[in-house]
Amino acid sequence: MKIYNFGSENGKDIHAYGSKQLVMTRILSSSADLQTGCMHLGPNGVVSYHQATTPQLFLVISGEGFVKGYENEEQRIQAGSAAFWEAGEWHETRTEHGLSAIVIEGISMNIYLE
């Protein structure tokens, strides 16, 4: 067994799209065009409005915030909740107090959550 740390101290600051307080820790990628990472948004953090390049599943593991998609309406999201965006869908995430989320991106995904 090997233990890994995917905390923000192992991540990279991201400023794309005008994002603020965003650190992304890569977890894995596969030959099947699947990538997984842990997104850490600090207080007043934002992943600014941009298009998803592939389908994206956003699983909040701590904290809370707001997400929006093609309908451009904010919805509250918190630990234990997930958002899914289709490829090409415009979306944004923001938080007042901070949040962490596992982000899974890939060409072909089947979502089994309800």
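Quantities reported herein were computed from a predicted structural model and do not represent experimental measurements.

About the thresholds
Residues numbered from 1 in each chain as written. Predicted model: local features only at pLDDT ≥ 70, side-chain atom pairs only at ≥ 80, totals over all residues. Heavy atoms only, no water. Helix = DSSP H or I, 4+ residues; strand = E, 2+ residues; numbered from the N terminus. Rg over C-alpha atoms; globule rule 2.2 N^0.38 Å. Buried < 20%, exposed > 50% of the residue type's maximum accessible area, 1.4 Å probe, protein only. Core = buried A, V, L, I, M, F, W, Y, C linked by side-chain atoms within 4.5 Å. Contact = heavy atoms within 4.5 Å.

Draft legend 1. A look at the overall build of the protein chain. The number of helices and strands found in the protein chain is zero helices and eight strands. Relative to the 2.2 N^0.38 estimate, which gives 13 Å for 114 residues, the radius of gyration of the protein chain is 13 Å and therefore close to what a compact globule would have. Projected onto its principal axes, the C-alpha positions of the protein chain cover 45 × 30 × 30 Å. Per-residue burial for the protein chain yields a buried fraction of 39% across its 114 residues.

Draft legend 2. Highlighting the nonpolar core. Counting 13 residues, the largest nonpolar core has Met 39, Phe 58, Val 67, Ile 77 and Ala 83 as its most contacted members. Elements that contribute at least two residues to this core include exactly strand S3 (34-51), strand S4 (56-68), strand S6 (82-85) and strand S8 (99-106). Once residues within four sequence positions are removed from consideration, Ala 83 is found in contact with Gln 56, Leu 57, Phe 58, Val 67 and Ile 77.

Draft legend 3. Broad picture of the environment of Ser 8. In this structure, Ser 8 sits in the segment before strand S1 (12-14). Separated by 14 residues in sequence, Ser 8 and Leu 22 place their C-alpha atoms 9.2 Å apart. When residues no more than four places from it in sequence are discounted, the contact partners of Ser 8 are Val 23, Thr 25 and His 40.

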